[in-house]
Structure formats: C-alpha cells, structure tokens
Amino acid sequence: MAENGEQNKPQSEAAETSPNENAEDHKFIEPVKKVKGPIDIAKWIKSQAYKDYMGFIQLLNDSVKHKKTTDECEVSEPCQKLIAILETLDKWVDETPPIEQPQRFGNKAFRDWYKRLQENADSLLGDLLPENLKPAIVEIKPYLVDGFGNSTRIDYGTGHEMSYAAFLCCLYKLRLLSSTDHVALVHKVFLRYIELTRKLQTTYRMEPAGSQGVWGLDDFQFLPFIWGSAQLIDHPSIGPKDFLSNSIVERNQQDYMFLGCIRFINMMKTGPFAEHSNTLWGISGVPHWAKVNSGLFKMYKAEVLSKHPIIQHFPFGTLMSLDPAT
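Residues numbered from 1 in each chain as written. Predicted model: local features only at pLDDT ≥ 70, side-chain atom pairs only at ≥ 80, totals over all residues. Heavy atoms only, no water.

**So, the overall build of the protein**
Consideration 1: In terms of helices and strands, the protein carries 16 helices and four strands.
Consideration 2: Seen through its C-alpha atoms, the protein measures out along the principal axes to roughly 55 × 50 × 45 Å.
Consideration 3: Among the 326 residues that make up the protein, the fraction classed as buried is 54%.
Consideration 4: Here the protein displays about 14,200 Å² of accessible surface, and carbon together with sulfur accounts for 51% of that area. (Helix = DSSP H or I, 4+ residues; strand = E, 2+ residues; numbered from the N terminus. Buried < 20%, exposed > 50% of the residue type's maximum accessible area, 1.4 Å probe, protein only. Areas by Shrake-Rupley, 256 points an atom, 1.4 Å probe, with all protein chains shown as cover.)

**Thoughts on helix H15 (residues 289-305)**
Consideration 1: A rise of 1.5 Å per residue sets the reference length of H15, with its 17 residues, at 24 Å; its end C-alpha atoms lie 22 Å apart and thus fit the reference within 8%.
Consideration 2: Every buried residue belonging to H15 is among Trp289, Val292, Asn293, Leu296, Phe297, Tyr300, Val304 and Leu305, and all of these are buried. (Expected span 1.5 Å × (residues − 1).)

**Some remarks on helix H7 (residues 137-145)**
Consideration 1: Looking at H7, one finds that the buried residues are Ile137, Glu139, Ile140, Tyr143, Leu144 and Val145.
Consideration 2: At its buried positions, H7 is contacted by helix H6 (109-128), helix H8 (158-173) and strand E4 (315-316). (Contact = heavy atoms within 4.5 Å.)

**A word on the confidence of the model for the protein**
Consideration 1: With 91% of its residues at a pLDDT of 70 or more, the protein has an overall mean of 91.
Consideration 2: Predicted confidence is poor over residues 1-21, with pLDDT under 50, and the contacts of this stretch with residues over four places away or in other chains come to 53 contacts. (pLDDT = per-residue confidence, 0-100.)

**A closer look at unusual backbone geometry**
Consideration 1: Its identity is not glycine, yet Ile154 carries a phi of approximately 50 degrees, on the positive side.
Consideration 2: In this fold, Ile154 is placed in the loop between H7 and strand E2 (155-156).
Consideration 3: Within the chain, Arg205 stands out as a residue other than glycine whose phi angle is a positive 45 degrees.
Consideration 4: Note that Arg205 resides in the loop between helix H9 (182-203) and strand E3 (207-208).

**A word on the nonpolar core**
Consideration 1: Core analysis: the largest hydrophobic core is formed by 104 residues, its most contacted members being Trp44, Trp113, Phe148, Phe167 and Leu171.
Consideration 2: In contact with Phe167, not counting residues within four places along its chain, are Leu82, Leu125, Leu128, Ile140, Tyr143 and Leu144. (Core = buried A, V, L, I, M, F, W, Y, C linked by side-chain atoms within 4.5 Å.)

**Digging into the pattern of salt bridges**
Consideration 1: Throughout the structure, instances matching the rule amount to 14 salt bridges.
Consideration 2: In this structure, Glu195 engages Arg192 in a salt bridge whose closest nitrogen and oxygen atoms are separated by 3.6 Å. Of this pair, Glu195 and Arg192 are both found in helix H9, three residues apart, which corresponds to roughly one turn of the helix.
Consideration 3: Owing to a relative accessible area of 38%, Glu195 belongs among the partly exposed residues under this scheme.
Consideration 4: Measuring nitrogen to oxygen at the nearest pair gives 3.2 Å for the salt bridge that ties Lys269 to Asp219. Residue Lys269 is located in the loop between helix H12 (257-268) and helix H13 (273-276), and its partner Asp219 is located in the loop between E3 and helix H10 (223-231); the two are separated by 50 residues in the primary sequence.
Consideration 5: Judged by relative accessible area, which is 18%, Asp219 ranks as buried.
Consideration 6: Via salt bridges that share partners, Glu87, Asp90, Asp94, Arg192, Glu195 and Lys199 belong to a single interconnected network. (Salt bridge = Lys/Arg side-chain N within 4 Å of Asp/Glu carboxyl O.)

**Some words on the side chain of Asn107**
Consideration 1: With respect to the helices, strands and loops of the structure, Asn107 is situated in the loop between helix H5 (77-94) and H6.
Consideration 2: Here Ile99 takes part through its backbone oxygen, which lies 2.8 Å from a polar atom of the side chain of Asn107.
Consideration 3: Filtering out sequence-adjacent residues up to four positions away, Asn107 remains in contact with Pro98, Ile99, Gln101, Ile154 and Tyr204. (Polar contact = N/O pair within 3.5 Å; in protein donor to acceptor, adjacent residues only side chain to side chain.)

**Overview of the packing of aromatic side chains**
Two numbers describe a pair of aromatic rings. These are the distance of the centres and the angle of the planes.
Consideration 1: Per the counting criterion, the structure on display carries 23 aromatic pairs.
Consideration 2: Ring geometry for Phe110 against Tyr114: centres 5.8 Å apart, planes inclined by 40 degrees, an arrangement best described as tilted. In this pair, Phe110 and Tyr114 both sit in helix H6, four residues apart, roughly one turn of the helix. Just as Phe110 is buried, Tyr114 falls in that class too.
Consideration 3: Residues Phe258 and Trp289 carry aromatic rings whose centres are separated by 5.1 Å and whose planes lie at 70 degrees to one another, so their mutual orientation is edge-to-face. Here Phe258, found in helix H12, pairs with Trp289, found in helix H15; they are 31 residues apart in sequence, far enough to count as distant. For the pair Phe258 and Trp289, one class covers both residues: buried.
Consideration 4: Ring pairs connect the aromatic residues Phe110, Trp113, Tyr114, Phe148, Tyr164, Phe167, Phe190, Tyr193, Tyr204 and Trp227, which therefore count as one cluster. (Phe/Tyr/Trp six-rings, centres within 6.5 Å; stacked < 30°, edge-to-face > 60°.)

See the structure below:
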C-alpha cells in the first residue's frame, strides 16, 4: 500500500492511483473502541479518521448535487457486489420472521438475523474483495456488522448508519471503490441500505438508538437528509417548504432521497408534522436547499459526530485511525 499520508486519504485523486497493489504488505488489525470519555471527543475530531470520514461524506454529497436518484449512473462490479450483499441480508429478514412476544418493541427474532450476519460476514466480504484485499476483512468487518443495529438492545440509530458509511469509506481507501463510484454509492448502494434498515426497523420493531424525540432530525437516519438536500439544490420548482406537502412528496419521493425520508416519516408517525418532527419542520422555513445542505452538515457534526454516546461505540484501526490528522 501507499504511504499513510496518501493511502489513507479519501481523495478522488488518491483513490485512482496504483490501486491496492501492495495490500498484502499492510498489517490490518481488528479495530478497537478508544473513545472512553467525553474528553476523548476532541482527539477524535482532530483525528485522521474524522478527516477521512467527513471528506468521504462531502465527496459523495458533491457528486449528487442536482441529480435525481432515478438518473442513470455507472454501477461498477464492486457496487453491484455491495448491492448483492444487501439483497442477501434482505432475504434473511424474510427467512427470519418476528416471533410472538408480549413486549411491543424489540422483537427478539432480530437477534437471530443479526447472529446470521455475524457468522457469515467473512464469507460475504470474501465474495466482495479481490484476493489481495482479503487480509483487510479483519479490519472492515466490524463496520459492516455494526451497520445494522445492536442485537442486545434491538435498536438502530445514526451511529449504526455511520458505521456502514465508514465501511464504504474503508473500501474507498482500499481503492476497491473510486471517484467513478460516487453517484452509485449514494443512489444505488446507500439507497438499498436505507431500504433494508427500514425493513429491519419495521419488521422487528427496533427502538431508535439515542433518539432525541421530536427535537432530533429523525429517529433513525441522518445521511440521506444531507445527500437528499444536495440533490435538490437549485431545483426549479421544489423548495424546502414543499416537503410539507404530501402530494409533492408522493410525486417526487422516488427521485429525491430527502423526500423519500419524509414519506417514511409520514407513514410511521401520526399527528401534526410540526409536533412529531419539529426540527425538520423548522428546516422547511429555510429559503434555499444549499443553505439546508450546509446547515445539515453542521448539525451532523454537532449532533452525531461530536456526541460521546455515539462515538464511544466506534472502533479505530489502521483505516479509520485515531492518530492526529495529517
């Protein structure tokens, strides 16, 4: 692999040079949790992992500006394989129906689904990675497995979403993915991931992890709101105020990720929107999507990436390093 400063940068130009030719010479390790207390958050924010992760999220954000989810895009073989993994996991949900139990939330059948994921993760990743990248499985597997919720609490939240995004970031840094995959990662791979996590949430009645209730952006997701707002920048007819219109949401939810998120909220919650989703309702008053997009980035950094209860569960290795950023 390239030297640390180049190989571990999620920059499009770094991703396209000498793809992964020396991966077998790199010592991958099982990532471990290192953020033990709130004081460690400052170390995380100044780390290479934080810089790489946010750089990756920004690259994907910029790639989908002014684009519809339904627009044609190149889907590389690695992206096709990522989608195939998600299709397999989706099939396992059908094969693991919820059980009869007294409590309404947290169906324990999720633990069986999750155990199957844990037991088969090596095989799933082995099918994804070329031979010279297979040594990286030990390091990237925890990010994949943790991307679908917690089997003890039977909950799911933005920390789990972050874990799956970090898994994709690791594949980018390994150069399995490149800049030509940016749009497909959002419009095909991550959209399929969101569809699966919604199925998990509804099938197993998963609790929202660390939800702020009406004062949070959403019970479960954050990134599709960021990337979805980027899609809508400079839209000729749909402004931020329009996502409060059910008819506009229904007509356009397949084309725009943000509106798809609003539709899911409308399906899952009852009562006035301003009461059950107050933060989103406030966003509807922002005049332009560009301002919504930049504001959501700031909110993501403050409400997700700077919160100890979330980052304490995030593990660090050589691909997602807690070393100071260079």
